[in-house]
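# Architecture and fold: a report
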Amino acid sequence: MTFRVYIVDDSSTVRTNLSETLKELAQIDPVGTTDTEHEAKRWLASNDWDLAIIDLFLREGSGMNVLQAVRKARPQQRIVVLSNHSSPDVRWRCRQLGADAVFDKSTEIEALVEFCAGVRGPGVAQDAAVLPQSTAQAAM
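As a starting point, this report considers the structure included with it. Everything numeric here is computed off the predicted structure, so don't read it as measured data.

### Here we look at the packing of aromatic side chains
In total, this model carries two aromatic pairs according to the counting rule given. Measuring from ring centre to ring centre gives 4.1 Å for Y6 and W43, while their planes differ by 5°; the resulting arrangement is stacked. In this pair, Y6 is assigned in strand β1 (residues 4-8) and W43 in helix α2 (residues 37-46), connecting sequence segments 37 residues apart. The exposure class of Y6 is buried, given its relative accessible area of 1%. You can call W43 buried: its relative accessible area is 14%.

Here is the structure:
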């Protein structure tokens, strides 16, 4: 069974590298990406997906608005935040808006991959536990 992830981030490099990393290490199928709030809300509301990974600062709009809208429309979906801005206050606010987890782009890529592998299913998390440093740096 395919596990589908949608990535919302303002950096095309992050979207590309994260897609490749998740495919390889967590056996997740990236089904789409965007860099704007409007497109993210539209796509997530009208397509099937299993996990959304959302950055907070987008080319247009806010990841927090995406998180809030998706959580209201699809309360059972898995949603995580991946951002360079992950202070305790930001993490708290994201959790209040319904994020299942919050990860820092610069220090928690391995934890994100492990989370994704864990929600993907048994057996995958073991393979994702060893993330080479170069892969983590390349993802961001």
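Having seen the model, we can carry on.
### Some details on the side chain of D55
When you line up the elements, D55 lands in the loop between β3 (51-54) and α3 (63-73). A distance of 3.1 Å separates the side chain of D55 from the side chain of K105, its partner in a polar contact. With near-sequence residues (within four places) excluded, D55 lies in contact with V8, D9, D10, G63, L82, S83 and K105.

### Description of the packing of α2 against α3
α3 packs onto α2 with a crossing angle of 20° between their chain directions and a minimal axis gap of 9 Å. For the element pair α2 / α3, the angle class is roughly parallel. In the packing of α2 onto α3, the handedness of the crossing is right-handed. Residues E37, A40, K41 and L44 of α2 form the contact with α3, whose participating residues are N65, V66, A69 and V70. In terms of residue class, the contact of α2 with α3 is built from five nonpolar, one polar and two charged.

### Remarks on the pattern of salt bridges
If you walk through the whole model with that rule in mind, you get nine salt bridges. One salt bridge in this structure joins R59 and D35, with 2.8 Å as the shortest N-O distance. With R59 in the loop between β3 and α3 and D35 in the loop between β2 (29-34) and α2, the pair connects residues that are 24 residues apart, well separated along the chain. We classify D35 as buried; its relative accessible area is 16%. E37 serves as the salt-bridge partner of K41, at 2.7 Å between the closest nitrogen and oxygen. Of this pair, K41 and E37 both sit in helix α2, four residues apart, which is roughly one turn of the helix. By sharing partners, the salt bridges in this structure join D9, D55 and K105 into a single network.

### Considerations on the environment of V102
Tracing the chain through its elements places V102 in strand β5 (residues 101-104). C-alpha of V102 to C-alpha of D55: the two residues are 47 residues apart in sequence and 9.7 Å apart in space. Setting aside anything within four residues of it in sequence, one finds V102 in contact with V81, S86, R91, C94 and E108.

Cut-offs used in this document
- Residues numbered from 1 in each chain as written.
- Predicted model: local features only at pLDDT ≥ 70, side-chain atom pairs only at ≥ 80, totals over all residues.
- Heavy atoms only, no water.
- Phe/Tyr/Trp six-rings, centres within 6.5 Å; stacked < 30°, edge-to-face > 60°.
- Helix = DSSP H or I, 4+ residues; strand = E, 2+ residues; numbered from the N terminus.
- Buried < 20%, exposed > 50% of the residue type's maximum accessible area, 1.4 Å probe, protein only.
- Polar contact = N/O pair within 3.5 Å; in protein donor to acceptor, adjacent residues only side chain to side chain.
- Contact = heavy atoms within 4.5 Å.
- Axes fitted to C-alpha atoms, helices over the stretch in contact; angles between N-to-C directions.
- Parallel < 35°, antiparallel > 145°, perpendicular 65-115°, else oblique.
- Left-handed = near helix turned anticlockwise from the far one by under 90°.
- Nonpolar A, V, L, I, M, F, W, Y, C, P; charged D, E, K, R; others polar.
- Salt bridge = Lys/Arg side-chain N within 4 Å of Asp/Glu carboxyl O.

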